[in-house]
Amino acid sequence: MEDRNNYWLRHKTSRRTALRGAAVAGVGAGAFALVGCGDDDGGPEPTKQGLLPTAATSPTAAAKTPKPGGTLTVTLPAINPVLDPYTVTSFQTAYVNGLSYSKLLRFRAGVPEVAPADNSMEPDLAEKLPEQADPLTYTFKIKANAKFHNGRQVTSEDIRYAFDRYLNFEKSVHKTGLSFIDKMETPDNQTFKITTKLPYADTTAYLGGNLGAWISPKEHAESPEATTKMLGSGPFLHTETQAGVSLSFKKNPDYFDKPYPYFDELKMFGVTDPAKRVADFQSRQVDLTWLMLPDPRDSTKKARPDAKFEETQGIGGYIYLRTDKPPFQDKRVRQAISMGLNRKLIREAISKGEGVPDQLYHVGYPFARQVKDLPQAKYWDYNPTEAKKLLAAALGDGKTIDTTWSHADITAYGQEYLDTATLAQNQLKDIGINITDNNQPYATSYLTTTYQGNYEGMGHSPRAVAYWLDYVTERFTMKPKRGRINLSYVNDPKLEDLMDKQRGQFKLEERLQTIKQIEELVAEEQYEIYFSTDTRTYFWNPDIQNYRPTAWFPYTHLMKAWRDKA
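It should be emphasised that the depicted structure is a prediction, and the values quoted were computed from it without experimental measurement.

1. Let's talk about the packing of helix 7 (residues 331–339) against helix 9 (residues 384–395)
A pair of packed helices is characterised by two quantities: the angle between their axes and the separation of those axes.
In step 1: The geometry of helix 7 relative to helix 9 is characterised by a closest axis approach of 8 Å and an angle of 160° between their N-to-C directions. Here helix 7 lies roughly antiparallel to helix 9, going by the angle between them. By crossing handedness, the relation of helix 7 to helix 9 is classed as left-handed. Across from Arg332, Val333, Gln335, Ala336 and Met339 in helix 7, the residues of helix 9 making contact are Pro384, Glu386, Ala387, Leu390, Leu391, Ala393, Ala394 and Leu395.
In step 2: Here the contact of helix 7 with helix 9 is built from residues that sort into 10 nonpolar, one polar and two charged.

Printed below as a string of structure tokens:
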């Protein structure tokens, strides 16, 4: 394992980013590669390759006394009209859910002393990490002082209800996620016990990190307000939504985890225009930015040399396709698509050339191989001649493919995402794939249709940074139901067997051998066709203390942050 991090080393580091190291945390879970904190001395300059070093904790600053009070303002790409955690998979919804809802466990990351990609957990509603009498049984003690925002105590029955709703509610989009649970018991109001069907190495990681683990009480979840109002037990009370404009929160005075939160109010502004999001921070209208890619990053560094920032390794977006139907059932067609993409040209156009070709187990994992080191690396090489040969072998000489490409609009992911689709479609036309573009409004169309698997032909989406290794199940399983994001409709018995095997491997070294097999199988089949990594930068005002972005978007621990002059 010693050499897994070496290729992330960068030639130049700043005073604030000199300490680096691996962040492997949790049973069977790996660390992720990101960059440390920048400050007014400029921080590290990106290399041409876009390779970023492995994350480590920041050098510890002198201890400061928290200053409660004040308001924190944050920019989002949009305000999602649906806030129900049971029925939405939107990353935008999920991370504002974290302000008002709680889970059994939560990430430790989000503060300066913890690496941004450290996926280890700390107690949230639970008093401590679960007791394990055997490999199948997890017992949680619920904090006695935990209350919902309506004043009612949180009980073990609330946890059972929430998990049952994720599993069985007809509109739930998280049915497969908790399918490892065999039985749930509530011996008393403060004890929640689950028994898994088989030993599952990622149990605590899933319960603490996944979008389908927020605890929303029955009286709210089944009310007409569930889609537009958040009512949980989290650090902030959701007070107002201005449709399409903002979300407002105020401090929860009865929050169970004292002394948090420090801010009296939070304001989340939905700004669909990426240029305005950048301008709002540069003109000091907001305290905390959404992610920026290289061009706005560099302009913001010049405009706001005082600002703090963190650069993270963004994983590649991907093309998904209906592998259950012709012509995409044939792996030669999928391989041809991959070889018809000039990823280098796309990187030069989108991200100043930063980044490297990505794969399923993205190059940010400390154990993952770079694409060039895979036995199947040739499928990432731009080779239109070979791509045309593969299409001819699959379809017949002279035949082409007419298909659609569905994707979200600019509001969620920015102009670069749209440009990637345009460039890729033009490149694929050169090898004989004629694409009709289907640009969908993110919140009202893409999320509710295409991203639920209701599409034909091809699609394109970013990927979230995964914090548990079994995320491949949600991507590729067909048992007992299609995985939440198995958008390619993959149905591969050999792959299913490998996923089952890794799920029960608690020893990391053994699990990584199985993951290596999954890595190569998916690379050969090209079930998902990956683009390249990128660099994503978050900025925040220098007076915001005890805050650090995470790999899972920047809102994990806003409750622990304060303003130096509040």
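Right, picking up where we left off after that structure.
2. Some words on the environment of Met478
In step 1: With respect to the element layout, Met478 can be found in the loop between helix 13 (471–476) and helix 14 (493–503).
In step 2: Residues Met478 and Thr176 lie 302 residues apart in sequence; the distance between their C-alpha atoms is 9.5 Å.
In step 3: If we skip the residues at most four places from it in the chain, Met478 touches Asn486, Tyr489, Val490, Asn491 and Glu496.

3. Concerning the nonpolar core
In step 1: With 141 residues, the main nonpolar core has Phe163, Ile337, Tyr361, Phe476 and Leu558 as its most contacted residues.
In step 2: Residue contacts for Tyr361: discarding those within four places in its chain leaves Phe367, Ala368, Leu469, Tyr471, Val472, Ile515, Ile518 and Glu519.
In step 3: Listed in part, the seven residues of the second largest apolar core include Val278, Met292, Phe309 and Phe539.

4. Here we look at the sheet that holds strand 7 (residues 181–188)
In step 1: Taken in spatial order, the four strands line up as 5-6-8-7 in an open sheet, and their pairing is antiparallel. Whereas interior strands pair on both sides, the edge strands pair on one side only; in this sheet they are strand 5 (131–134) and strand 7. Shown here is a sheet whose adjacent strand axes are inclined to one another by a mean of 20°, direction ignored.
In step 2: Pairing of strand 5 with strand 6 (residues 137–141) involves two bridges; the strand directions are antiparallel. Residue Glu131 lies in a different strand from strand 6, and its bridge partner there is Thr139.
In step 3: Across the sheet, helix 2 (residues 156–168) is in contact with strand 7 and strand 8 (191–196); its angle to strand 7 comes to roughly 160°.

5. Examining the pairing of strand 13 (residues 318–321)
Remember that side chains alternate between the two faces of the sheet whenever the strand is regular.
In step 1: Burial along strand 13 is two-sided: Tyr318 and Tyr320 facing one way and Ile319 and Leu321 facing the other are all buried.
In step 2: Bridge analysis of strand 13 against strand 16 (residues 458–461) gives four bridges, and the strand direction is antiparallel. In the sheet register, Leu321 faces strand 16, and the bridge partner there is Met458.
In step 3: Where strand 13 meets strand 17 (residues 529–530), two bridges bridge the pair, whose relative direction is antiparallel. By the bridge assignment, Ile319 is partnered in strand 17 with Ile529.

6. Some remarks on the confidence of the model for the protein
In step 1: Of the residues in the protein, 89% reach a pLDDT of 70 or more, and the chain-wide mean stands at 87.
In step 2: Contacts for the low-pLDDT stretch residues 1–57, under 50 throughout, to residues beyond four places or in other chains number 177 contacts.

7. A few points about the packing of aromatic side chains
In step 1: Considering all chains together, one arrives at 24 aromatic pairs under this definition.
In step 2: Residues Phe309 and Phe539 carry aromatic rings whose centres are separated by 5.8 Å and whose planes lie at 40° to one another, so their mutual orientation is tilted. With Phe309 in strand 12 (residues 308–314) and Phe539 in strand 18 (residues 534–540), this residue pair connects regions lying 230 residues apart in the sequence. A single burial state applies to Phe309 and to Phe539, both of which are buried.
In step 3: Judged by centre distance (6.4 Å) and plane angle (65°), the rings of Trp468 and Tyr471 are edge-to-face. Of the two residues examined, Trp468 and Tyr471, each falls in the buried class.
In step 4: Put simply, the rings of Phe107, Phe180, Tyr200, Tyr206, Tyr361, Phe367, Tyr467, Trp468 and Tyr471 pair up and form one aromatic cluster.
In step 5: Note that Arg475 overlies the ring of Tyr318, its terminal NZ or CZ placed 4.6 Å from the centroid.

8. Examining the sheet that holds strand 11 (residues 265–270)
The strands making up a sheet associate through backbone hydrogen bonding, with each pair oriented either parallel or antiparallel.
In step 1: Judged by pairing direction, the sheet is mixed, and its four strands sit side by side in the order 2-11-10-9 without closing on themselves. Each of the sheet's edge strands pairs with one partner strand only, and the pair in question is strand 2 (71–76) and strand 9 (236–242). The average undirected angle you get between the axes of adjacent strands in this sheet is 20°.

Criteria and cut-off values
Residues numbered from 1 in each chain as written. Predicted model: local features only at pLDDT ≥ 70, side-chain atom pairs only at ≥ 80, totals over all residues. Heavy atoms only, no water. Axes fitted to C-alpha atoms, helices over the stretch in contact; angles between N-to-C directions. Helix = DSSP H or I, 4+ residues; strand = E, 2+ residues; numbered from the N terminus. Parallel < 35°, antiparallel > 145°, perpendicular 65-115°, else oblique. Left-handed = near helix turned anticlockwise from the far one by under 90°. Contact = heavy atoms within 4.5 Å. Nonpolar A, V, L, I, M, F, W, Y, C, P; charged D, E, K, R; others polar. Core = buried A, V, L, I, M, F, W, Y, C linked by side-chain atoms within 4.5 Å. Buried < 20%, exposed > 50% of the residue type's maximum accessible area, 1.4 Å probe, protein only. Pairing = 2+ DSSP bridges. pLDDT = per-residue confidence, 0-100. Phe/Tyr/Trp six-rings, centres within 6.5 Å; stacked < 30°, edge-to-face > 60°. Lys NZ or Arg CZ within 6 Å of the ring centre and 35° of its normal.

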